[in-house]
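Structural characterization, general
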Amino acid sequence: MTQPFDEPFDQFRAWLAEAEAAEPSNPTAMSLATADAEGRPSCRMVLLKGIEGGGFVFYTNTESHKGRDLAANPRAALCFHWKSLDRQVRVEGTVEPVSEAEADAYFASRARGSRIGAWASQQSRPLPDRRTLKRAVAHYGFRFGLGAIPRPPHWSGYRVLPERMEFWTDRAFRLHDRFLYTRAGEGWAVERLYP
(Lines give C-alpha, C1' and ligand atoms only; values in the text may rest on other atoms or scores of the structure.)
Protein backbone atom coordinates (compact mmCIF):
# COMPACT_ATOMS: atom_id res chain seq x y z
CA MET A 1 0.00 0.00 0.00
CA THR A 2 1.88 3.06 -1.23
CA GLN A 3 -0.79 5.59 -0.28
CA PRO A 4 -3.96 4.89 1.69
CA PHE A 5 -7.48 5.70 0.59
CA ASP A 6 -9.01 8.85 2.13
CA GLU A 7 -11.69 6.79 3.90
CA PRO A 8 -10.84 3.59 5.84
CA PHE A 9 -14.00 1.71 4.86
CA ASP A 10 -13.06 2.14 1.18
CA GLN A 11 -9.60 0.76 1.98
CA PHE A 12 -11.12 -2.13 3.93
CA ARG A 13 -13.61 -3.06 1.19
CA ALA A 14 -10.81 -3.08 -1.39
CA TRP A 15 -8.67 -5.35 0.76
CA LEU A 16 -11.60 -7.61 1.64
CA ALA A 17 -12.40 -8.06 -2.07
CA GLU A 18 -8.80 -9.13 -2.67
CA ALA A 19 -8.95 -11.48 0.33
CA GLU A 20 -12.18 -13.05 -0.94
CA ALA A 21 -10.36 -13.85 -4.19
CA ALA A 22 -7.14 -15.10 -2.55
CA GLU A 23 -7.88 -16.61 0.87
CA PRO A 24 -8.57 -20.35 0.76
CA SER A 25 -10.89 -20.31 3.79
CA ASN A 26 -13.09 -17.77 5.58
CA PRO A 27 -11.78 -14.36 4.42
CA THR A 28 -14.40 -12.76 6.70
CA ALA A 29 -12.99 -14.46 9.81
CA MET A 30 -11.89 -11.94 12.43
CA SER A 31 -10.64 -12.15 15.97
CA LEU A 32 -12.93 -10.35 18.39
CA ALA A 33 -11.43 -9.11 21.66
CA THR A 34 -13.67 -8.02 24.51
CA ALA A 35 -13.16 -7.35 28.21
CA ASP A 36 -15.44 -7.86 31.17
CA ALA A 37 -16.34 -5.24 33.79
CA GLU A 38 -13.06 -5.91 35.65
CA GLY A 39 -11.01 -5.50 32.47
CA ARG A 40 -10.21 -9.21 31.99
CA PRO A 41 -9.70 -9.68 28.23
CA SER A 42 -11.06 -12.49 26.09
CA CYS A 43 -10.53 -13.19 22.40
CA ARG A 44 -12.16 -15.53 19.88
CA MET A 45 -12.81 -15.85 16.15
CA VAL A 46 -16.15 -14.78 14.65
CA LEU A 47 -17.35 -14.05 11.13
CA LEU A 48 -17.97 -10.59 9.72
CA LYS A 49 -21.57 -10.51 8.43
CA GLY A 50 -21.68 -7.00 7.05
CA ILE A 51 -20.24 -3.51 6.95
CA GLU A 52 -23.35 -1.47 7.69
CA GLY A 53 -24.30 1.64 9.62
CA GLY A 54 -20.70 2.78 9.87
CA GLY A 55 -19.47 -0.41 11.51
CA PHE A 56 -18.54 -4.08 11.35
CA VAL A 57 -21.45 -6.44 12.13
CA PHE A 58 -21.40 -9.93 13.67
CA TYR A 59 -24.07 -12.11 15.28
CA THR A 60 -24.08 -14.31 18.37
CA ASN A 61 -25.93 -15.55 21.43
CA THR A 62 -26.18 -12.45 23.63
CA GLU A 63 -25.93 -14.64 26.77
CA SER A 64 -22.54 -16.03 25.64
CA HIS A 65 -19.21 -15.01 27.18
CA LYS A 66 -18.79 -12.29 24.52
CA GLY A 67 -22.37 -11.11 24.99
CA ARG A 68 -21.89 -10.77 28.74
CA ASP A 69 -18.61 -8.90 28.19
CA LEU A 70 -20.25 -6.47 25.77
CA ALA A 71 -23.17 -5.85 28.14
CA ALA A 72 -20.69 -4.84 30.87
CA ASN A 73 -18.15 -3.08 28.66
CA PRO A 74 -19.40 -2.10 25.17
CA ARG A 75 -15.98 -1.75 23.55
CA ALA A 76 -14.14 -4.23 21.33
CA ALA A 77 -11.17 -4.78 19.06
CA LEU A 78 -11.16 -6.77 15.81
CA CYS A 79 -8.27 -8.18 13.82
CA PHE A 80 -8.47 -9.53 10.27
CA HIS A 81 -5.39 -11.48 9.14
CA TRP A 82 -5.05 -12.53 5.51
CA LYS A 83 -1.92 -14.65 5.44
CA SER A 84 -2.04 -15.25 1.68
CA LEU A 85 -1.86 -11.46 1.14
CA ASP A 86 0.55 -10.70 4.02
CA ARG A 87 -1.96 -8.19 5.39
CA GLN A 88 -3.90 -7.45 8.51
CA VAL A 89 -6.44 -4.87 9.62
CA ARG A 90 -6.96 -3.89 13.26
CA VAL A 91 -10.13 -2.13 14.41
CA GLU A 92 -10.88 -0.59 17.83
CA GLY A 93 -14.12 1.06 18.86
CA THR A 94 -17.40 1.11 20.67
CA VAL A 95 -20.10 -1.51 20.21
CA GLU A 96 -23.84 -1.13 19.75
CA PRO A 97 -26.56 -3.74 19.19
CA VAL A 98 -28.04 -4.02 15.72
CA SER A 99 -31.74 -3.25 15.36
CA GLU A 100 -34.38 -5.94 15.89
CA ALA A 101 -35.22 -5.74 12.17
CA GLU A 102 -31.56 -6.29 11.18
CA ALA A 103 -31.26 -9.27 13.55
CA ASP A 104 -34.54 -10.78 12.30
CA ALA A 105 -33.51 -10.40 8.65
CA TYR A 106 -30.11 -11.98 9.15
CA PHE A 107 -31.50 -14.81 11.30
CA ALA A 108 -34.06 -15.63 8.60
CA SER A 109 -31.24 -15.89 6.03
CA ARG A 110 -29.38 -18.60 7.98
CA ALA A 111 -29.61 -22.29 7.17
CA ARG A 112 -32.46 -24.06 8.96
CA GLY A 113 -30.05 -26.20 10.97
CA SER A 114 -28.22 -23.10 12.17
CA ARG A 115 -31.50 -21.49 13.27
CA ILE A 116 -32.42 -24.62 15.26
CA GLY A 117 -28.90 -24.66 16.70
CA ALA A 118 -29.34 -21.10 17.95
CA TRP A 119 -32.30 -22.31 20.02
CA ALA A 120 -30.58 -25.51 21.17
CA SER A 121 -27.21 -24.11 22.25
CA GLN A 122 -26.74 -22.45 25.61
CA GLN A 123 -23.51 -20.96 24.26
CA SER A 124 -20.51 -20.76 26.62
CA ARG A 125 -22.28 -22.68 29.42
CA PRO A 126 -21.13 -26.12 30.64
CA LEU A 127 -22.42 -29.03 28.49
CA PRO A 128 -22.57 -32.44 30.23
CA ASP A 129 -22.10 -34.38 26.96
CA ARG A 130 -22.79 -34.20 23.22
CA ARG A 131 -25.93 -36.31 23.65
CA THR A 132 -27.50 -33.47 25.67
CA LEU A 133 -26.90 -31.08 22.78
CA LYS A 134 -28.26 -33.56 20.23
CA ARG A 135 -31.41 -34.00 22.33
CA ALA A 136 -31.89 -30.21 22.43
CA VAL A 137 -31.48 -30.01 18.64
CA ALA A 138 -34.04 -32.80 18.21
CA HIS A 139 -36.43 -31.09 20.64
CA TYR A 140 -36.36 -27.78 18.75
CA GLY A 141 -36.47 -29.54 15.39
CA PHE A 142 -39.69 -31.25 16.52
CA ARG A 143 -41.05 -28.05 18.12
CA PHE A 144 -40.72 -26.01 14.93
CA GLY A 145 -41.37 -28.86 12.49
CA LEU A 146 -41.45 -27.52 8.94
CA GLY A 147 -42.79 -24.13 10.00
CA ALA A 148 -41.05 -20.83 10.51
CA ILE A 149 -38.30 -20.60 13.12
CA PRO A 150 -38.42 -17.27 14.96
CA ARG A 151 -35.26 -15.61 16.20
CA PRO A 152 -34.56 -16.54 19.83
CA PRO A 153 -34.76 -13.60 22.24
CA HIS A 154 -31.15 -14.29 23.31
CA TRP A 155 -29.71 -14.15 19.76
CA SER A 156 -28.83 -10.91 17.99
CA GLY A 157 -26.03 -8.91 16.45
CA TYR A 158 -23.53 -6.23 17.33
CA ARG A 159 -21.93 -3.43 15.36
CA VAL A 160 -18.36 -2.36 16.14
CA LEU A 161 -18.11 1.37 15.40
CA PRO A 162 -14.44 2.11 14.70
CA GLU A 163 -12.53 4.89 16.38
CA ARG A 164 -9.23 3.56 15.04
CA MET A 165 -8.43 1.35 12.04
CA GLU A 166 -4.90 0.24 11.23
CA PHE A 167 -3.86 -1.33 7.92
CA TRP A 168 -0.65 -3.40 7.97
CA THR A 169 1.28 -4.97 5.10
CA ASP A 170 4.24 -7.30 5.56
CA ARG A 171 7.53 -6.03 4.11
CA ALA A 172 11.07 -7.43 3.91
CA PHE A 173 13.31 -7.22 6.97
CA ARG A 174 10.26 -6.51 9.16
CA LEU A 175 10.03 -2.97 7.75
CA HIS A 176 6.25 -3.30 7.51
CA ASP A 177 3.94 -0.74 5.94
CA ARG A 178 1.40 0.67 8.43
CA PHE A 179 -1.31 3.30 8.13
CA LEU A 180 -3.53 4.37 11.03
CA TYR A 181 -6.92 6.04 10.58
CA THR A 182 -8.26 7.84 13.66
CA ARG A 183 -11.78 9.22 13.91
CA ALA A 184 -11.69 13.03 13.73
CA GLY A 185 -15.18 14.53 14.05
CA GLU A 186 -17.18 13.41 11.02
CA GLY A 187 -14.06 12.35 9.12
CA TRP A 188 -10.77 10.56 9.58
CA ALA A 189 -7.17 11.56 10.17
CA VAL A 190 -4.61 9.23 8.60
CA GLU A 191 -0.92 8.83 9.37
CA ARG A 192 1.86 6.41 8.54
CA LEU A 193 3.36 4.50 11.49
CA TYR A 194 6.84 3.13 12.02
CA PRO A 195 6.92 -0.67 11.63
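Residues numbered from 1 in each chain as written. Predicted model: local features only at pLDDT ≥ 70, side-chain atom pairs only at ≥ 80, totals over all residues. Heavy atoms only, no water.

Looking at unusual backbone geometry
- The phi dihedral of D86 falls on the positive side, at around 55°, and the residue is not glycine.
- Residue placement: D86 occurs in the loop between β5 (75–82) and β6 (87–97).
- The class for D86 is partly exposed, based on a relative accessible area of 38%.
- In this structure, S124 takes a positive phi of about 75° despite not being glycine.
- Here S124 falls in the partly exposed class, since its relative accessible area comes to 47%. (Helix = DSSP H or I, 4+ residues; strand = E, 2+ residues; numbered from the N terminus. Buried < 20%, exposed > 50% of the residue type's maximum accessible area, 1.4 Å probe, protein only.)

Here we look at the packing of aromatic side chains
- This model, assessed by the stated rule, comprises 17 aromatic pairs.
- With 5.8 Å between their ring centres and 35° between their planes, F80 and W82 make a pair best called tilted.
- According to the relative accessible area criterion, W82 is buried, its value standing at 1%.
- Among the aromatic residues, those joined into a ring-pair cluster are F9, F12, F56, F80, W82 and W188.
- One residue, R87, lies across the ring of W15, its end atom 4.4 Å from the ring centre.
- Here the guanidinium or amino end of R143 rests over the ring plane of W119, the centre of that ring lying 5.0 Å away. (Phe/Tyr/Trp six-rings, centres within 6.5 Å; stacked < 30°, edge-to-face > 60°. Lys NZ or Arg CZ within 6 Å of the ring centre and 35° of its normal.)

Regarding the environment of Q3
- Within the element layout of this structure, Q3 appears in the segment before α1 (8–22).
- Taking relative accessible area as the criterion, Q3 reaches 58% and is therefore assigned exposed.
- Note: C-alpha distance between Q3 and A35 (32 residues apart in sequence) is 34 Å.
- With residues near it in sequence (within four places) discarded, Q3 still touches F179 and R192. (Contact = heavy atoms within 4.5 Å.)

Examining the pairing of β6
- Looking at chain direction, β5 and β6 are connected through eight bridges and run antiparallel. In the strand pairing of β6, A76 is matched with G93.
- Between β5 and β6, which pair antiparallel and follow one another directly, the connecting turn spans four residues, one of which, D86, has a positive phi of 55°.
- Here β6 pairs with strand β7 (residues 155–169) via eleven bridges, running antiparallel. Note that in β7 the partner of R87 across the bridge is T169. (Pairing = 2+ DSSP bridges.)

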